[in-house]
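One-letter residues, chain by chain:
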Amino acid sequence: MNLLRICLPVSFLLAAAPALAQPLSLDDAQHRAVERSRQVAAQGAAVTASREMAIAAGRLPDPVLKAGIDNLPVTGPDAWNTTADFMTMRRIGVMQEFTRGGKRELRAQRFGQEAEKSAAEKAGVVAAVERNTALAWLERYYAEAMARVIAVQAEQAKAEIVAVEGAYRGGRGTQADVIGTHATLAGLEDRASEYRRRVQTAKTNLARWIGEGADAPLAARPAIDRIRLDHASLDTELRGHPDIAALDKQAEIASTEAKIAEASATPDWSVEVAYQLRGPAFSNMVSIGVAIPLPWDRGNRQDREAAAKLALAEQARAQREETLRAHTAEVRTMLAEWENGRERLARYERDLLPLAGERAKAALAAYQGGKTGIADLLLARRGETDVRLQAVQLEADTARLWAQLNFLVPSDAHEGHAK
C-alpha cells in the first residue's frame, strides 16, 4: 500500500528527481552505514581481543627468573666478599606456578563467553545502525513526499488565481475572492518553505550515517506492510534479540566466574629450582622448593568471594528476565500501533482521499457554475491538502514503526558484520 501513488501525478513525481543520479535505495544506505560505522569496527575489535585472551588464559603462567646473593657478609675482614665465606652463595633459579588445568579451562571459557557477548553486542550495534539509517532514509523520503504534495497544491492555487483574476476583471467576482486565492497561495508557499527545511535536515541526518551520497535521489521505498518478526513465536524470537543475547552471555560469564572463585579455594602450587655458586674452596649447591598458599581463613575469604560471584550471576539472570519482559511489552505495543497504522492507511486510500478529491472537484464545478463562492472552493482545496498531508504523515509514522520492528536484529544482508 503506497498512498503517495494516489496523492501525486506520475509525471510530477518523475520530474521531481534528477535523471542522471543513481537512486539510493534503503538497502544501499544501510550497507554503506554498516561499512562506515566505527562502532561496528570497535565491537569487532572487542570480539578479537576476547578471543585472543581466551587462548592466553588457558596457558600456564610464565616462569619467573630469580637471582640473588645469599648470606653476604657485611662486617669483618670478609665484608662484601662474595667468595670468602663458605655460607655466601650467588643464586640463580627459576620458579614456575602450576595452575590446575580445570581452573585454566574455566578462565579460557570465561573469555570465550566474553567474546560471544561482544559478538552479540556487535550484532546489536549493526541492528541499531541499520535501524537508525532506515529512520533517516524514511525521514527524507516522507519530507520530500510532503513537499511534493504542497507543490502540487501550489500549482493548483496558481491556476485558481488566474481564473479568479479573470472573473474579477470580467465583473463576475470580487476583490475579496482575489485576495483569498493569493492568501491561500502564500500559505502554501510558506508550508513549502518549511518542508524544504525538513528535507535539508533529513539529508543532513542521512549523511551522518552514510557520508557522501546523501543528496542522491531516493529509490522506491520498501514494502512497509510486512515485517520479519513472526507474531506467533514473538516470545521465542525476542530471546534471540542482540540485547537479550548479550545479557544471556553476561549471566554465563557471571556463572563461570563463580566456578572460578570456587576452584580458587584449592590453591595452586609453585615449584622453584635454584643453582647456588660459592667460593672456589667450596662446593656449589642446588636448591629445590615448593610453595603452597594456605587458605587459613577460607570461610571469610574464598567462600565469601564465591558467594559474591554467585550473587552476581543471579543478578545477571534477573536483569536478563526483566529486560526480556520490558522488551516484549514494547515490541507488542509497537506491533499494535503498526497494525493500526496499516488499517488506517487502508481507510485513507479507500475512503478519505477519494472523498476529499471528489469534494474539491464538486466545489470547483459549483464555483465555475456560479453556484458557490471562492471561499467554499478554497475551503475544499485546503481540506484536500490537509487530508493528503495527513495521509502522508500517517504513512510516515507507520513506516517508522516498520523500521523499528523490522530491524530489531541485523538483516540477512548484513549478518556477516555481526560475526
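What you see is a predicted model; the values in this text were computed from it and never measured. (Residues numbered from 1 in each chain as written. Predicted model: local features only at pLDDT ≥ 70, side-chain atom pairs only at ≥ 80, totals over all residues. Heavy atoms only, no water.)

Enquirer: Can you walk me through the sheet that holds strand β4 (residues 285-291) in this structure?
Expert: Two orientations exist for strands paired in a sheet by backbone hydrogen bonds: parallel and antiparallel. One open sheet accounts for 4 strands, arranged β1-β2-β3-β4; its pairing is antiparallel. The sheet is open, and its two borders are formed by β1 (64-70) and β4, each paired with just one other strand. With direction set aside, neighbouring strand axes in the sheet form an average angle of 20°. (Pairing = 2+ DSSP bridges. Helix = DSSP H or I, 4+ residues; strand = E, 2+ residues; numbered from the N terminus. Axes fitted to C-alpha atoms, helices over the stretch in contact; angles between N-to-C directions.)

Enquirer: Sorry if this is basic, but what is going on with the nonpolar core here?
Expert: Generally speaking, a soluble globular protein has its nonpolar side chains buried in company with each other. Ranked by size, the top nonpolar core spans 61 residues in total, and within it Leu 24, Trp 137, Tyr 142, Ile 210, Val 331, Trp 402 and Leu 405 carry the most contacts. The element that contributes the greatest number of residues to this core is helix α5 (residues 101-169), accounting for 17 residues. Residues contacting Tyr 142, with those up to four places away along its chain left out, are Arg 221, Ile 224, Val 392, Glu 395, Ala 396 and Ala 399. Counting residues in each nonpolar core, the second largest holds 9 residues, with Val 164, Ala 363, Tyr 367 and Ala 380 among its members. (Core = buried A, V, L, I, M, F, W, Y, C linked by side-chain atoms within 4.5 Å. Buried < 20%, exposed > 50% of the residue type's maximum accessible area, 1.4 Å probe, protein only. Contact = heavy atoms within 4.5 Å.)

Enquirer: Just to check I follow, could you spell out the side chain of Thr 385 for this structure?
Expert: Take Thr 385: it is sitting in helix α10 (residues 374-406). What makes Thr 385 buried here is its relative accessible area of 4%. When sequence neighbours within four positions are dropped, the list of residues in contact with Thr 385 reads Ile 150, Gln 153, Leu 188 and Arg 191.

Enquirer: Where do I start with unusual backbone geometry in this structure?
Expert: Trans is the prevailing form of peptide bonds, just as negative phi is the prevailing case for residues other than glycine. Phi is positive for Asn 71, close to 60°, though the residue is something other than glycine. By relative accessible area, which is 42% here, Asn 71 ends up partly exposed. Unlike most non-glycine residues, Trp 80 shows phi in positive territory, near 65°. Positionally, Trp 80 belongs in the loop between β1 and β2 (89-98). In this structure Trp 80 comes out as exposed when scored by relative accessible area, which is 61%.

Enquirer: Which parts of the structure should I look at to understand the pattern of salt bridges?
Expert: Between side chains of opposite charge, a pair can form when the charged atoms approach closely. The tally for this structure, following the rule as stated, stands at 26 salt bridges. A salt bridge links Arg 110 to Glu 114; its shortest N-O distance comes to 3.0 Å. Of this pair, Arg 110 and Glu 114 are both found in helix α5, 4 residues apart, which corresponds to roughly one turn of the helix. Ionic pairing is found between Arg 197 and Glu 194, a salt bridge with its closest N-O pair at 2.6 Å. Taken together, the positions of Arg 197 and Glu 194, both in helix α6 (residues 175-210) and 3 residues apart, correspond to about one turn of that helix. (Salt bridge = Lys/Arg side-chain N within 4 Å of Asp/Glu carboxyl O.)

Enquirer: Is there a simple way to think about the packing of α6 against α10 in this case?
Expert: The relative placement of two packed helices comes down to the angle between their axes together with the axis-to-axis distance. It is the contact of α6 with α10, at a shortest axis distance of 9 Å, that shows an interaxial angle of 15°. The pairing of α6 with α10 is recorded here as roughly parallel in orientation. As α6 packs across α10, the resulting crossing turns out to be right-handed. Only Ile 374, Leu 378, Arg 382, Thr 385, Asp 386 and Leu 389 of α10 make contact with α6, whose side of the interface consists of Asp 177, Gly 180, Thr 181, Thr 184, Leu 188, Arg 191 and Tyr 195. Of the residues that constitute the contact of α6 with α10, the class distribution is 5 nonpolar, 4 polar and 4 charged. (Parallel < 35°, antiparallel > 145°, perpendicular 65-115°, else oblique. Left-handed = near helix turned anticlockwise from the far one by under 90°. Nonpolar A, V, L, I, M, F, W, Y, C, P; charged D, E, K, R; others polar.)

Enquirer: Mind showing me how you'd approach helix α4 (residues 38-57) here?
Expert: Since the α-helix packs 3.6 residues into each turn, any two residues three or four apart lie on the same face. Taking 1.5 Å of rise per residue, 20 residues should cover 28 Å, and α4 covers 28 Å from first to last C-alpha, within 8% of that figure. Those residues of α4 that fall on the buried side of the exposure criterion are Val 40, Gln 43, Gly 44, Val 47, Ser 50, Ala 54 and Ala 57. Around the axis of α4, the buried residues are gathered within 155° of arc, so they sit on the same side. As for α4, its buried residues are in contact with α3 (26-36) and α5. (Expected span 1.5 Å × (residues − 1). Arc of directions from axis to C-beta.)

Enquirer: Please explain the layout of surface pockets as it appears in this structure.
Expert: Here the idea is plain: a probe the size of a water molecule rolls over the atoms and shows the empty space left. The space that makes up the second largest pocket amounts to roughly 200 Å³. For the second largest pocket, the lining is made up of 14 residues, of which Ser 264, Pro 267, Pro 293, Arg 301 and Gln 302 are closest to its centre. Of the residues contributing to the lining of the second largest pocket, the split by class is 5 nonpolar, 4 polar and 5 charged. (1 Å grid on protein atoms, 1.4 Å probe; cavity = no way out; pocket = protein on both sides within 12 Å on 5 of 7 lines; lining within 4 Å. Points joined across faces, edges and corners; volume = space filled by probe spheres on them.)

Enquirer: Just to check I follow, could you spell out the packing of aromatic side chains for this structure?
Expert: Two measures describe an aromatic ring pair: the distance that separates the ring centres and the angle between the ring planes. Under the defined criterion, the tally for this structure stands at 4 aromatic pairs. Both rings, one in Trp 402 and one in Phe 407, keep their centres 5.7 Å apart while their planes meet at 85°; by these two values the pair is edge-to-face. Exposure remark for Trp 402: the relative accessible area of 4% places this residue in the buried category. Put simply, the rings of Trp 137, Tyr 141 and Tyr 142 touch in pairs and so form one group of aromatic residues. Above the plane of the ring of Phe 111 lies Arg 110, whose end atom (NZ or CZ) is 5.3 Å from the centre. The side chain of Arg 342 reaches across the aromatic face of Trp 338, ending 4.7 Å from its centre. (Phe/Tyr/Trp six-rings, centres within 6.5 Å; stacked < 30°, edge-to-face > 60°. Lys NZ or Arg CZ within 6 Å of the ring centre and 35° of its normal.)

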